[in-house]
Structures are given as structure tokens and as C-alpha cells.
Amino acid sequence: DDGLVGRLDEMFASQAASATESERAAVRRWQSTDRFYQLVQAVLRGGTVNYMSDVADVIDALNALLARGELAEDLELWRGVRSIRNTVGVSTERMSLGGNELRAPGFLSTTPMRSVAEGFAETDGPGGGALLCLTAPRGSRAIWVPPIGDPLMVEQFELVFAPRRRIMITDVDESSEI
């Protein structure tokens, strides 16, 4: 939805304008096709990995950007996950119990585009894949990636939230249709 993307560009204009080159480099590293983000997420889940100082630098830069960006309105967002267990720490069976509150242990990447999220939900990893529809409330701290990230990945329209983000499950549709 071009209207929503335009509103996100406006909401995060000052974040994009103030992003340092090292912060931009950290966002591009987060997005890299070698899945460096998995190392970042592993550290945030309490693990240790190779390249710890590189991971720490990316975490610090993402946290600095989060401090300078927030939603000006409630938004409906999407997240496709290959492994629900790796993302929120539970299987799809446990998620089917509506009313559960979960915490995503790592940074939470979302998109305003359902079609983008569907592409990530198509693989079945530990605990099952899933397509999540999320409502992010006004005032939530976030990073709008397109203006500061890799221009080749702009069409993912990634909006990243801080680690330990609370997720309340209000409904589960197990129809297996995306």
C-alpha cells in the first residue's frame, strides 16, 4: 500500500536524516543475505557466536536508531516466520491457545505488506511456519529500514521493533491457507 509506505516515510523522516554512516552500515549488515541477523538474534536469546564484537556493534546501532523513531499511529503489520519456535519460543500448537502473551526474544521484523510476509512464512522450520498479523500501537519504538538500508531490499518494507516485544495472541487461524 503506497499510502502506508508514504506515511511511514514521513513518520521516520528524522530517523533517516539523522542516521550515521555506521548505523546505516549496521542496518545493511542486519539485512545481508548471509543471514547475519541470525547471529544477532542468537546473542539476544542468550547464546554466544563467532564475531561477537560485530554482533554487539549491530545491536548497539539498532538500539540507537530505535531511540529515535516511533509510530505516530496504530498500524496493522505482518510477519512471516519460517520457525515460530525460533521466533517466539513456542510451537504453533501452543499459540492456538488464544490469550497467550509471548515475548519475541530478538528484534522483531515486520512489514506493512502481507504479500512480503507470506514469502517468509512458506518454509516450515522448528515448531512450524506462521503468518502473523500484528497491531503495533502508536508510540512504539521502531526502525523504518527502507530509507537507511540496502536499496536492493527496499521492497521488503521492513519495520523493526526492539527485542522482548510483547505479543498478545488474540486469535489463531489454522486453516493452512496463507
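Novice: Account for the pairing of strand E1 (residues 75-81), with residues named and values stated.
Specialist: Burial analysis of E1 places six of its seven residues in the buried class, the great majority of the element. Pairing between E1 and strand E4 (residues 130-136): seven bridges, direction antiparallel. When the sheet's bridge partners are listed, Leu77 is paired in E4 with Leu134.

Novice: Tell me about the packing of helix H4 (residues 36-44) against helix H5 (residues 52-66), and name the residues and values.
Specialist: As a packed pair, H4 and H5 sit with axes 10 Å apart at the nearest point and diverge in direction by 85°. Compared by their axis directions, H4 and H5 come out roughly perpendicular. From H4, Phe36, Leu39, Val40, Val43 and Leu44 reach across to H5, where they touch Met52, Asp54, Val55, Val58 and Ile59. Split into classes, the residues belonging to the contact of H4 with H5 amount to nine nonpolar, no polar and one charged.

Novice: Go over the packing of helix H3 (residues 21-31) against H5 with me, naming the residues and quoting the values.
Specialist: As a packed pair, H3 and H5 sit with axes 9 Å apart at the nearest point and diverge in direction by 115°. With respect to H5, the axis of H3 lies roughly perpendicular. Considering how the two elements wind past one another, H3 and H5 form a crossing that is left-handed. In this structure, H3 uses Glu23, Ala26, Val27, Arg29 and Trp30 to contact H5, whose residues at the interface are Val58, Ala61, Leu62, Ala64 and Leu65.

About the cut-offs
- Residues numbered from 1 in each chain as written.
- Predicted model: local features only at pLDDT ≥ 70, side-chain atom pairs only at ≥ 80, totals over all residues.
- Heavy atoms only, no water.
- Buried < 20%, exposed > 50% of the residue type's maximum accessible area, 1.4 Å probe, protein only.
- Helix = DSSP H or I, 4+ residues; strand = E, 2+ residues; numbered from the N terminus.
- Pairing = 2+ DSSP bridges.
- Axes fitted to C-alpha atoms, helices over the stretch in contact; angles between N-to-C directions.
- Parallel < 35°, antiparallel > 145°, perpendicular 65-115°, else oblique.
- Contact = heavy atoms within 4.5 Å.
- Nonpolar A, V, L, I, M, F, W, Y, C, P; charged D, E, K, R; others polar.
- Left-handed = near helix turned anticlockwise from the far one by under 90°.

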